[in-house]
Amino acid sequence: MSAVANPATVAECLRVGAGFSQGDRNWIAEQFATLDARLAGFHADATELEVSVKDRNARGQKVTLECWVAGRQKIVTTSAEEDLHAALNDVRDDLRRRLNDAKTRQEPRHNKHLRETDQPEGVPAQAAERADAETA
C-alpha cells in the first residue's frame, strides 16, 4: 500500500452525534486513539467517524459507531453494554475488526505466486514440483 499524504486520525475524523456533547468529544477520541493505526491507510478528507448513544446512562442504552471511507461500504457497529466506557470500547474494537476484514477482502485472493519467487511465471507450484521430481 502506498503512503497516504494526509492520513486519517480519530481526532480529525470524529463527530459526536445524539447523546453526546462536544465536551465528550475529546474523551471519546482518547478512547478511540488505538484506531489511528488502522485509519492511517485512508485519506483524512475521505474518512468520517460518528459516534452516538441512545438512552445514555439508562438500561438498554445503545452506542453506535459509524465509519464512512470513500469507495467502501459504510461500516456500522453497535453495543448494548450498560457501562458507557465498555460500550465505547466494544464499538471501537468491532470497528477495528471490520476494517481489517474489509482490507483482507480487497487484497488479491490467489496471491500465492507473489510469495513464490523461484517459480517461472504462470507455472503452478504443483506442476513445478512434479517437474523437479521427474528430473531427479
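- As recorded in an unreviewed UniProt entry, the protein goes by HPF/RaiA family ribosome-associated protein and comes from Micromonospora halotolerans.

**Considerations on the side chain of Glu 66**
Link 1 in the chain: Among the secondary structure elements, Glu 66 is positioned in strand E3 (residues 62–69).
Link 2 in the chain: At 3.0 Å, the side chain of Glu 66 and the side chain of Lys 74 are in polar contact.
Link 3 in the chain: For Glu 66, the residues in contact, after removing those within four places along its chain, are Glu 48, Leu 49, Glu 50, Lys 74, Ile 75 and Val 76.

**Quick notes on the environment of Glu 50**
Link 1 in the chain: For Glu 50, the location among the structural elements is in strand E2 (residues 47–54).
Link 2 in the chain: Considered as a pair, Glu 50 and Ala 18 are 32 residues apart in the sequence and their alpha carbons are 9.7 Å apart.
Link 3 in the chain: At 3.0 Å, the side chain of Glu 50 and the side chain of Arg 15 are in polar contact.

**Details of the confidence of the model for the protein**
Detail in the predicted coordinates should be disregarded across regions flagged by low pLDDT.
Link 1 in the chain: Summing up the model confidence of the protein, the mean pLDDT is 81 and the portion of residues at 70 or higher is 74%.
Link 2 in the chain: Predicted confidence in the protein is weakest over helix H6 (residues 125–135), with a mean pLDDT of 52, and strongest over strand E4 (residues 75–79), with 95.

What counts and how
Residues numbered from 1 in each chain as written. Predicted model: local features only at pLDDT ≥ 70, side-chain atom pairs only at ≥ 80, totals over all residues. Heavy atoms only, no water. Helix = DSSP H or I, 4+ residues; strand = E, 2+ residues; numbered from the N terminus. Polar contact = N/O pair within 3.5 Å; in protein donor to acceptor, adjacent residues only side chain to side chain. Contact = heavy atoms within 4.5 Å. pLDDT = per-residue confidence, 0-100.

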